[in-house]
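Below, each chain spelled out in residue letters.
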Amino acid sequence: PAPVGRPSARRQLAARRSSTGPSTANAGAAARPRVVRCRAAVVAPSSPAADKMSIRTYVLSELDAAQRLEILKRPRVDFSSILGTVKPIVEAVAARGDDAVREYTEKFDGVKLDAVIVAVADLPDPVLDADVKAAFDMAYENIKKFHEAQKEVADVDVETMPGVRCRRVSRPIGAVGLYVPGGSAVLPSTALMLAVPARIAGCATVVLATPPRKDGSIVPEVLYVAKKAGVTHILKAGGAQAVAAMGHGTQTCPKVDKIFGPGNQFVTAAKMMMQNSEAMVSIDMPAGPSEVLVMADAGANPEHVAADLLSQAEHGPDSQVVLVVTTDVDLGAITAAVTRQCAALPRAEITAKALTHSYAVVVKDLAEACLFSNSYAPEHLIVNVEDAESLLPDLDNAGSIFLGRWTPESVGDYASGTNHVLPTYGYSRMYSGVSLDSFVKYMTVQELTRAGLEALGPSVARMAQVEGLDAHRLAVTLRLGIE
């Protein structure tokens, strides 16, 4: 049976504190936020995942500045040890090319490869169920429509003063590498998110890297997307070896100029290593484990909130989900829904592990919720409140925002049209998600008439003189005959 009534979040926490007695925290623990375990009173049929299920809960107004900073931290990733594993793989691929890719693919994926690279045009069309094909076709059209619209704001042409014309023109990046994860979850949706804008941008060489199946073949849904979206090559490898192969190039894998896509900690480390190497390759963004922040008011359906939290927690054990609620929200109902839904998931164990480093925050109002969200800077931000649109001007840091009661994060992951390759780990403070801009570079162009140089030149010459750069000054004054 469901809990009776809807006690507020603050009343639930107060009741728990009074039953457990006063805090005995000492001065040495003052920097650690006081935490309350909000556990569901009613649990679904017993399972290991359900037994572990609880949500740490904080009242934001009771935390000092140091404690607020503490709860903004993500689960720690030890990149020093990961880089120690990744570095020899990257170096081996750089030195031995395809042979190293084959070696590591057999070692990590248990697959012996004949060809490391295959041309997409040479592969037969995959056989898919009609409803699967229709779902991916709908997603393709929406992603294509949204990213094509971004072309309209690309180029700029301005006369800054009479006779001085300045332009910005875009050109596609010549060769791009798209990483599509395999492993615990195969993600053909990521192939769509990366290949569609690459095609719209006009990238000539598009290499899609994805781990092969045990028989050496490509996941049919990934191949379907690759063919539909104009991918030129498929690299049958995953992990750091795939990133290194695209970044350095091998005997058969084209070298790319930029690498895109999410992945595990080893893939992320390899991307960051390649960007700082002599390979001359850039990456889309630094990325970490998947995350979501859900903002909910009293009108939010607890079942919907729970499902949104779990939709990110199921990505992996290092994912993090954060719930931010106002004081009138029934946290017990949400926790019960999380427990029940989690226990029924095929990936329940993975999801339960993610929930161990997830938490809820109680705020006094939605303005404070926005401030907390901006500080956390989530990858995904769900705003499940009344009149969600009114909060948008106050939201500054998020990879992608999902407004209103009827906008689950899942639609952005798959088919609304926006891109799901987004900055994580707080990087949405300074990075954007993947867009059409990610696949192009911009060149500025200026062109002056004689009259334009006559008007602008004396100022340029004087500035060059101030900086002590006489050749700069002469390039102007010799043209104007005033030297």
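Just so you know, these numbers come straight off a predicted model, no measurement behind them. (Residues numbered from 1 in each chain as written. Predicted model: local features only at pLDDT ≥ 70, side-chain atom pairs only at ≥ 80, totals over all residues. Heavy atoms only, no water.)

How would you explain the sheet that holds strand β10 (residues 282-283) if you had to name every residue and give the values?
Strands belonging to one sheet form pairs held by backbone hydrogen bonds; the direction of such a pair is parallel or antiparallel. Judged by pairing direction, the sheet is mixed, and its six strands sit side by side in the order β3-β8-β7-β6-β9-β10 without closing on themselves. Edge positions in the sheet fall to β3 (117-119) and β10, since each of these pairs with one other strand and no more. Across three bridges, β3 lies against strand β8 (residues 233-235) in antiparallel orientation. For Val118, the partnering residue across the bridge sits in β8 and is Ile234. (Pairing = 2+ DSSP bridges. Helix = DSSP H or I, 4+ residues; strand = E, 2+ residues; numbered from the N terminus.)

I'd like a description of helix α17 (residues 470-480), backed by residues and values.
Regarding α17, the residues found buried are Arg473, Val476, Thr477 and Leu480. An end-on view of α17 places all buried positions within 90° of arc, on one side of the element. Exposed positions of α17 whose direction lies more than 90 degrees from the buried face are Ala471, Leu478 and Arg479. The elements touched by buried residues of α17 are α16 (450-466). Looking at the residues trailing α17, positive phi occurs at Gly481, about 65°. (Buried < 20%, exposed > 50% of the residue type's maximum accessible area, 1.4 Å probe, protein only. Arc of directions from axis to C-beta. Contact = heavy atoms within 4.5 Å.)

Talk me through helix α14 (residues 366-376); I want residue IDs and the actual numbers.
Three or more residues of α14 are buried, namely Glu368, Ala369, Cys370, Phe372, Ser373, Asn374 and Tyr376. Of the surrounding elements, those touching the buried residues of α14 are α3 (65-71), β11 (291-296), β12 (320-326), β13 (359-363) and β14 (380-384). Two or three places before Ala367, at the opening of α14, Asp365 has a side-chain oxygen 3.3 Å from that residue's backbone nitrogen. One or two residues past the end of α14 sits Ala377, with phi positive at roughly 55°. (Polar contact = N/O pair within 3.5 Å; in protein donor to acceptor, adjacent residues only side chain to side chain.)

Describe the nonpolar core, listing the residues and the values that go with them.
Core analysis: the biggest nonpolar cluster contains 40 residues, and Val176, Leu178, Leu192 and Phe439 have the highest contact counts within it. At nine residues, helix α7 (residues 188-201) tops the list of elements feeding residues into this core. Not counting the four nearest positions on each side in its chain, Leu178 is found in contact with Leu194, Ala195, Val206, Val207, Leu208, Ala209, Met246, Phe260 and Phe439. Membership of the second largest hydrophobic core comes to 34 residues, among which are Val101, Val256, Val267 and Ala270. (Core = buried A, V, L, I, M, F, W, Y, C linked by side-chain atoms within 4.5 Å.)

Residue-level account of the pairing of β11, with values.
A regular strand places its side chains on the two faces of the sheet in alternate fashion. Taken across its six residues, β11 has six buried, putting it largely inside the fold. Burial along β11 is two-sided: Glu291, Leu293 and Met295 and Val292, Val294 and Ala296, pointing in opposite directions, are all buried. Bridge count for β11 against β12 is six bridges, and the pairing is parallel. Its bridge partner lying in β12, Ala296 is registered against Val325.

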